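# Summary of structural features
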Amino acid sequence: MFWRIDTTSEQTLADQLAAQVRRAVTTGQVEPGERLPSARELAAMLDINLHTVLRAYQALRDEGVLELRRGRGATIAANAAATRSSVTATSKNFRPNSS
């Protein structure tokens, strides 16, 4: 999965990350059981704060999109495919700033 953040966007970085995962789920780009980078790895890749990634991952966990397990990282939830329709409306709110 390709990660992109826009530091000039009005949308928080955590919201941008969460929206990208939601979009990947809705389009079938990621499948249930697929592992995402650990929060520490993703923060290092994007050069952002670890807590920003954790905030995004926790929001996705609360929505039922991700399963978080200490020491095992984040995986797409088994029922994520079933929640695709409910996630679709939310993912459409993400509009990267094109400036």
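Residues numbered from 1 in each chain as written. Predicted model: local features only at pLDDT ≥ 70, side-chain atom pairs only at ≥ 80, totals over all residues. Heavy atoms only, no water.

### A short note on helix 3 (residues 50–62)
Its 13 residues place the ends of helix 3 18 Å apart at the C-alpha level, agreeing with the 18 Å of an ideal helix rising 1.5 Å per residue. Taken together, the buried positions of helix 3 are Thr52, Val53, Ala56, Tyr57 and Leu60. Taken end-on, helix 3 shows its buried residues confined to a sector of 130°, consistent with a single buried face. Of the exposed residues in helix 3, the ones pointing more than 90 degrees away from its buried face are His51 and Asp62. The inward-facing, buried residues of helix 3 abut helix 1 (13–27), helix 2 (39–46), strand 1 (66–69) and strand 2 (73–76). Sitting at the amino-terminal end of helix 3 is Asn49, which places a side-chain oxygen 2.7 Å from the backbone nitrogen of His51. (Helix = DSSP H or I, 4+ residues; strand = E, 2+ residues; numbered from the N terminus. Expected span 1.5 Å × (residues − 1). Buried < 20%, exposed > 50% of the residue type's maximum accessible area, 1.4 Å probe, protein only. Arc of directions from axis to C-beta. Contact = heavy atoms within 4.5 Å. Polar contact = N/O pair within 3.5 Å; in protein donor to acceptor, adjacent residues only side chain to side chain.)

### Points about the confidence of the model for the protein
Mean pLDDT over the protein: 86, with 81% of residues reaching 70 or higher. Between the elements of the protein, mean pLDDT differs from a low of 55, seen in helix 4 (residues 84–91), to a high of 96, seen in helix 3. (pLDDT = per-residue confidence, 0-100.)

### Brief notes about the nonpolar core
Where a protein is soluble and globular, its nonpolar side chains tend to be buried together. Val21, Leu36, Val53, Tyr57 and Ile76 are the most contacted members of the largest nonpolar core, which has 24 residues in total. Mapped onto this core, the elements with two or more residues apiece are helix 1, helix 2, helix 3 and strand 2. A total of 6 residues in this core trace back to one element, the largest contributor, which is helix 1. For Val53, the contacting residues outside a window of four places in its chain are Leu17, Ala39, Leu42, Ala43 and Ile48. (Core = buried A, V, L, I, M, F, W, Y, C linked by side-chain atoms within 4.5 Å.)

### Things to note about unusual backbone geometry
Non-glycine residue Asp47 carries a positive phi angle of around 55°. For Asp47, the position within the fold is in the loop between helix 2 and helix 3. Note on Asp47: relative accessible area 72%, which makes it exposed.

### Side note on the environment of Leu17
Here Leu17 is to be found in helix 1. On a C-alpha basis, the gap between Leu17 and Thr52 in space is 8.9 Å, while along the polypeptide they are 35 residues apart.

### Considering the environment of Leu68
Mapped onto the secondary structure, Leu68 falls in strand 1. Given a relative accessible area of 32%, Leu68 falls into the partly exposed group. Here Leu68 is in contact with Tyr57, Gln58, Arg61, Gly73 and Ala74, once residues within four sequence places are set aside.

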